[in-house]
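Breakdown of the fold
The primary structure of each chain is shown beneath.
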Amino acid sequence: MSAMAAEIKKGRKFDQVLEGARHVFLRDGFEGASVDDIAREAQVSKATLYSYFPDKRLLFSEVARIECNRQAEEALREFDLNAPCAVTLRDIADRVVRFFLSDFGIQVYRISVSESHRFPELGKRFYASGPELLRERLGMVFGHYVETGALKIDDMNLAAEQFCELCKCDLFVRCLCGLCKAPQEAEIDRVVTGVVDMLMARYGA
């Protein structure tokens with residue numbers, strides 16, 4: 001069994017290790033992050049770190065998975081499914097766009113995509129905790145509004161994937177290329193509005 005496939009063992013300092021790793025990965029990137037730096041930031045010994053994560057790739061993918069899950073669960077608690085469909089979709093689009101444009105979102109995307117050709121399991125874990133998770137959560141929301149008659153969607157997965165890709169329109173690519181380090185609120189609003197308008201035009205009942 002490879003280190004990436006090994007079961008993650010939790011313990012008293014597990015969260016401490018993850019928080020230290022998150023800080024170092026965002027600061028130095030995947031390649032630049034050393035085990036020594038992560039252990040120092042987390043204030044644990046290297047032996048403790050290795051007891052939880054025998055491989056740096058596994059540690060990185062777990063940091064990304066937990067953060068994506070945390071944000072997804074937090075979002076579901078805050079969204080009001082009793083609100084009009086367009087209002088809820090706007091709230092979701094705003095959150096998704098801001099996550100994509102955040103330092104964490106940009107770094108996770110860059111690292112996962114750049115390393116996945118060498119470490120396919122890292123790519124699989126990223127997909128499961130990122131795009132696949134988002135598609136699943138969006139499907140739940142879309143399904144609710146299909147039942148209420150606000151939306152008409154035959155292919156839920158395709159609609160969710162279209163929503164996600166629209167959230168990456170313009171700003172995300174420019175940020176990835178280092179051309180837009182601090183998007184203005186008006187720019188974010190333009191993308192969010194476009195996402196909702198396109199989805200409602202295509203799937204609004």
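What you are looking at is a predicted structure, and each value in this text was computed from that prediction instead of being measured.

Calculation criteria
- Residues numbered from 1 in each chain as written.
- Predicted model: local features only at pLDDT ≥ 70, side-chain atom pairs only at ≥ 80, totals over all residues.
- Heavy atoms only, no water.
- Domains from an automatic or database assignment.
- Contact = heavy atoms within 4.5 Å.
- Buried area = accessible area lost by both parts, 1.4 Å probe.
- Salt bridge = Lys/Arg side-chain N within 4 Å of Asp/Glu carboxyl O.
- pLDDT = per-residue confidence, 0-100.
- Phe/Tyr/Trp six-rings, centres within 6.5 Å; stacked < 30°, edge-to-face > 60°.
- Helix = DSSP H or I, 4+ residues; strand = E, 2+ residues; numbered from the N terminus.
- Buried < 20%, exposed > 50% of the residue type's maximum accessible area, 1.4 Å probe, protein only.
- Lys NZ or Arg CZ within 6 Å of the ring centre and 35° of its normal.
- Core = buried A, V, L, I, M, F, W, Y, C linked by side-chain atoms within 4.5 Å.

Re the domain arrangement of the protein chain
Per the domain assignment, the segments making up the protein chain are domain 1 (9-54) and domain 2 (57-203). The C-alpha centroid of domain 2 is placed 27 Å from the C-alpha centroid of domain 1. At the interface, 14 residues of domain 1 touch 15 residues of domain 2. Carbon and sulfur atoms make up 79% of the surface buried where domain 1 meets domain 2, a total of about 1,200 Å² over both sides. On the surface where domain 1 and domain 2 come into contact, there are zero salt bridges.

Details of the confidence of the model for the protein chain
On average, residues of the protein chain carry a pLDDT of 87, and 94% of them reach 70 or more. Here residues 1-6 scores under 50 on pLDDT; set against residues more than four positions off or in separate chains, the count is 14 contacts.

Re the packing of aromatic side chains
Taken as a whole and assessed by the stated rule, the structure comprises eight aromatic pairs. Centre to centre, the rings of Tyr109 and Phe126 are 6.4 Å apart; their planes meet at 80°, and the pair counts as edge-to-face. Residue Tyr109 is found in helix α6 (residues 103-116), and its partner Phe126 is found in helix α7 (residues 120-129); the two are separated by 17 residues along the sequence. With a relative accessible area of 26%, Tyr109 lands in the partly exposed category. Assessed through its relative accessible area of 17%, Phe126 is described here as buried. When the ring of Tyr109 is compared with that of Phe172, the centres are 5.0 Å apart and the planes differ by 85°; the resulting orientation is edge-to-face. Of this pair, Tyr109 sits in helix α6 while Phe172 sits in helix α10 (residues 171-176), and the two are 63 residues apart along the sequence. The exposure class assigned to Phe172 is buried, which follows from its relative accessible area of 4%. Aromatic rings pair up to connect Phe99, Phe100, Tyr109, Phe126 and Phe172 into one cluster. Here Lys168 stacks its cationic end above the ring of Phe100, 5.6 Å away from the centre of that ring.

Re the nonpolar core
Generally speaking, nonpolar side chains in soluble globular proteins are found buried as a group. Judged by nonpolar contacts, the single largest core of 63 residues is most densely connected at Leu59, Phe142 and Phe163. If one sorts the elements of this core by residue count, helix α5 (residues 85-101) sits on top with nine residues. Residue assignment places this core across two domains, with domain 1 (9-54) and domain 2 (57-203) each supplying three or more. If we skip the residues at most four places from it in the chain, Phe163 touches Leu89, Ile92, Ala93, Leu138, Phe142, Val195 and Leu199.

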